[in-house]
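# A look at the structure
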Number of protein chains: 2
Amino acid sequence: MVEALLLALRARDAIDPDEVAIVAGLVDEVAMVPAKRTVLKRGVPLSHSILLIEGMMCRYKDMRNGSRQISAIHVPGDFLDLHGFTLKHLDHDVMALTAAKVAYVPHDRLTRMTEQYPHLTRLFWFLTNLDAAMHREWEVSLGQRSGAARTAHLFCELYTRLALVGKAEPDGFAFPINQTELGECLGMTSVHTNRVLRDLRERGLLDFRRGVAKLLDPEGLKRVAEFDPAYLYLDSRPR
Amino acid sequence: MVEALLLALRARDAIDPDEVAIVAGLVDEVAMVPAKRTVLKRGVPLSHSILLIEGMMCRYKDMRNGSRQISAIHVPGDFLDLHGFTLKHLDHDVMALTAAKVAYVPHDRLTRMTEQYPHLTRLFWFLTNLDAAMHREWEVSLGQRSGAARTAHLFCELYTRLALVGKAEPDGFAFPINQTELGECLGMTSVHTNRVLRDLRERGLLDFRRGVAKLLDPEGLKRVAEFDPAYLYLDSRPR
DNA sequence: CGACGCATTGACTCCCGTCAATAAATGTGG
DNA sequence: CCACATTTATTGACGGGAGTCAATGCGTCG
């Protein structure tokens, strides 16, 4: 159940067998979620956090005019709302992009973890700081990168993160999202997203169609994106 | 020394006197920093976190073409790099916008805090989650808001945060930043920033000149910005 | 007083949004 | 398996917000 989470943690620090058991013991129930379902609404008091086991989800905020900004994409092994443990309610919504499987982690178990297991506490704290690091990189994308570079960057990031939990193919990955939603990640309209995707395809960099991403030229894509995975903290060291 | 931090914490949860002493005891040395100085460089191993006592700073990332994105502004009471405690090195730089006063908090003291004081640990964890919430709101600004709305939003946010630590006047606040740097927060060039500021001034919403921001029409500014302070979590409750 | 940083403005360009039409893919019921 | 509806992708035409380049003005300070 927590295998993907352990892969993510082990990429950042050593986890001993006791800790594996404790992490596994955090999970209460497991549930299935249909695609497109909003699973967390802003402002609602929280009593548990949700670990994504299978599928993909996203965090987003809606504007009054109907537009939407997606602020993060979630892959298996990610918590959707570990930050909700200390925030107590969210400032954003979370929605399933695909049918998904999730595990519930009651906040009282996390509280107990903070009382008894400081190293795991720091690791979980690290996970929320990693979320923030990704948010910062998205700020850079939205503020400074061109449409094409920002699109390329998103695909580089997702490839890296999915590969870490064994969900990527050698040349690409499944990314079941439409162009409207992709545009909502990138701060672009679906029309412009479509044009950017055509441009990247014609340049032999990326082919994204029908929910499948093929990295035609990974190195070229990284170059266009100015992608440096340092912000993903893929170095195992004591935390 | 830690008064502003305590103001920020008390706005979010009750702090008992023992905890005040522990927080005060986290601080090691205090230092002055001249304006424009980069105080933290990405990638450098960290052994302490830095609390901002006086002045303003920012987090930023530089692009290869010389452009820069500022991803956060810091006010007194903010940690510049509390996330560095678990990340161990930063993914961004931090620079002083003004002359500033900072306090060093050794990581080993924070580690001891995680071992002995779970409630304070959760509060400090909360602070980093608050950073992430602000990053998310900036993503929304950069992705969805127009230049004028995003500028208005930034000033609304800063007014709220500065007022919380007693650094705002009734009708505005000191914000010692030039239009180039302001543009780097907003993902715009300095030229366009200038035009947006003129527009907001002519509309009677905001007057920002020579490092001083006057909110001419706070309600109108909030309306233009679609500013909802919920993401700043200004509700005191057990964490 | 002169140098420098910063602010302001104009002219021009272009990336990207808007509006709209059409095609292609997907789903659904009979 | 077909007919139809719905969603999604694609493309064109047009306009506007924001970038670029460049000139000028202004405030500060050694």
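The model shown is predicted, which means the values in this text are computed figures rather than measured ones.

### Considerations on the domain arrangement of chain A
All names here are of chain A. Along its sequence, chain A is organised into domain 1 (3-125) and domain 2 (139-232). In this structure, domain 1 and domain 2 have C-alpha centres spaced 24 Å apart. Tallying the contact residues gives 18 residues for domain 1 and 17 residues for domain 2. Around 1,500 Å² of area is buried between domain 1 and domain 2 when both sides are counted, 63% of it from carbon and sulfur atoms.

### What about the sheet that holds strand S10 (residues 212-215) of chain A?
Residues and elements named next belong to chain A. Taken in spatial order, the three strands line up as S8-S10-S9 in an open sheet, and their pairing is antiparallel. A strand with exactly one partner marks an edge of an open sheet, and here the two such strands are strand S8 (172-174) and strand S9 (206-209). Between one strand axis and the next, the sheet turns through 5° on average, direction left out of account.

### With respect to helix H2 (residues 17-26) of chain A
Residue and element names in this part refer to chain A. Considered for burial, the residues of H2 that qualify are Glu19, Ile22, Val23 and Leu26. Seen from one end, H2 has its buried residues packed into an arc of 100°, which puts them on one side. Exposed and facing more than 90 degrees away from the buried side of H2 are Pro17 and Ala21. As for H2, its buried residues are in contact with helix H1 (3-10), strand S7 (100-106), helix H4 (107-116) and helix H5 (118-144).

### Things to note about the protein's contact with DNA strand D
Contacts to DNA strand D come from 14 residues, most closely from Gln179(A), Asn194(A), Arg195(A), Arg198(A) and His192(B). Sugar and phosphate atoms form 67% of the subset of DNA strand D atoms that lie within 4 Å of the protein. Here Gly147(B) contributes a backbone N or O atom positioned 3.2 Å from a phosphate oxygen of DNA strand D. Elements that contribute at least two residues to the surface near DNA strand D include exactly helix H8 (190-202) of chain A together with helix H8 (190-202) of chain B. For the surface near DNA strand D, the leading source of residues is H8(A), giving four residues. Classifying every residue of the surface near DNA strand D gives three nonpolar, eight polar and three charged.

### So, the pairing of strand S10 (residues 212-215) of chain B
All names here are of chain B. Every second residue of S10 is oriented toward a common face, the buried set being Ala213 and Leu215 and the non-buried set Val212 and Lys214. Alignment of strand S8 (residues 172-174) against S10, held across three bridges, turns out to be antiparallel. Bridging from a neighbouring strand, phenylalanine 173 pairs with alanine 213 of S10. Of the pairings in the sheet, the one linking strand S9 (residues 206-209) to S10 comprises four bridges and is antiparallel in character.

### Considering the sheet that holds S9(B)
Two orientations exist for strands paired in a sheet by backbone hydrogen bonds: parallel and antiparallel. Residue and element names in this part refer to chain B. Read from one edge to the other, the open sheet built from three strands follows the order S8-S10-S9, with strand pairing classed as antiparallel. Each edge of the open sheet carries a strand with a single partner, namely S8 and S9. Taken over all neighbouring pairs, the strand axes of this sheet differ in orientation by 5° on average, direction set aside.

### Considerations on helix H9 (residues 218-225) of chain B
Listed as buried for H9(B) are Gly220(B), Leu221(B) and Ala225(B). Take H9(B) and look down its axis: the buried residues cluster within an arc of 130°, on one side only.

### With respect to the side chain of Lys88(A)
As for its position among the elements, Lys88(A) is in the loop between helix H3 (84-87) and strand S6 (93-96). Of the buried charged residues, Lys88(A) lacks a salt bridge, with Asp13(B) as the closest side chain of opposite charge at 8.3 Å. Here the side chain of Lys88(A) touches Phe85(A) through a polar contact of 2.9 Å, landing on its backbone oxygen. Beyond its immediate stretch of four places on either side in the chain, Lys88(A) contacts Val44(A), Pro45(A), Leu46(A), His107(A), Arg237(B), Pro238(B) and Arg239(B).

### Topic: the protein's contact with DNA strand C
Near DNA strand C lie 14 residues; those nearest to it are His192(A), Gln179(B), Asn194(B), Arg195(B) and Arg198(B). Sugar and phosphate atoms form 68% of the subset of DNA strand C atoms that lie within 4 Å of the protein. Interatomic distance of 3.4 Å between a backbone N/O atom of Gly187(A) and a phosphate oxygen of DNA strand C. The separation between a phosphate oxygen of DNA strand C and a polar side-chain atom of Asn194(B) is 2.6 Å. For the surface near DNA strand C, the secondary-structure elements that each account for two or more residues are H8 of chain A together with H8 of chain B. In terms of residue count, H8(B) provides more of the surface near DNA strand C than any other element does, four residues in total. When the residues that make up the surface near DNA strand C are grouped by side-chain class, the tally is three nonpolar, seven polar and four charged.

### Focus on the pattern of salt bridges
Overall, the coordinates contain 37 salt bridges over all chains when judged by the stated rule. Between Asp171(B) and Lys214(B) there is a salt bridge, and its shortest N-O distance comes to 3.8 Å. With Asp171(B) in the loop between helix H6 (147-164) and S8 and Lys214(B) in strand S10, the pair connects residues that are 43 residues apart, well separated along the chain. One connected set of salt bridges, linked through shared partners, spans Lys61(A), Asp91(A), Arg136(B), Glu137(B) and Arg145(B).

### Thoughts on the environment of Gly220(B)
All names here are of chain B. Following the sequence through the fold, glycine 220 ends up in helix H9. Glycine 220 sits in the buried class, given a relative accessible area of 1%. In this structure, the C-alpha to C-alpha distance between glycine 220 and glycine 204, residues 16 residues apart in sequence, is 8.7 Å.

### Observations regarding the interface of chain A and chain B
Residue-level contacts link 53 residues of chain A with 53 residues of chain B. Here chain A meets chain B over a buried area of about 4,900 Å², counting both sides, of which 60% is carbon and sulfur. Broken down residue by residue, the surface that chain A buries against chain B is led by Trp125(A), Arg136(A) and Glu139(A), which jointly contribute 17%. The closest approach of N and O atoms between Glu137(A) and Lys61(B), which form a salt bridge, is 2.4 Å. Counting every contact that joins chain A to chain B gives 32 residue pairs in polar contact (both at pLDDT 80 or more). Ranked by the residues each element gives to the side of chain A that touches chain B, the list is headed by H5(A), at 20 residues. A class-by-class count of the residues in the side of chain A that touches chain B yields 19 nonpolar, 16 polar and 18 charged.

Reading guide: rules and limits
- Residues numbered from 1 in each chain as written.
- Chains lettered and ligands numbered in written order.
- Predicted model: local features only at pLDDT ≥ 70, side-chain atom pairs only at ≥ 80, totals over all residues.
- Heavy atoms only, no water.
- Domains from an automatic or database assignment.
- Contact = heavy atoms within 4.5 Å.
- Buried area = accessible area lost by both parts, 1.4 Å probe.
- Pairing = 2+ DSSP bridges.
- Helix = DSSP H or I, 4+ residues; strand = E, 2+ residues; numbered from the N terminus.
- Axes fitted to C-alpha atoms, helices over the stretch in contact; angles between N-to-C directions.
- Buried < 20%, exposed > 50% of the residue type's maximum accessible area, 1.4 Å probe, protein only.
- Arc of directions from axis to C-beta.
- Near = heavy atom within 4 Å.
- Polar contact = N/O pair within 3.5 Å; in protein donor to acceptor, adjacent residues only side chain to side chain.
- Nonpolar A, V, L, I, M, F, W, Y, C, P; charged D, E, K, R; others polar.
- Lys, Arg positive; Asp, Glu negative; His and termini not counted.
- Salt bridge = Lys/Arg side-chain N within 4 Å of Asp/Glu carboxyl O.

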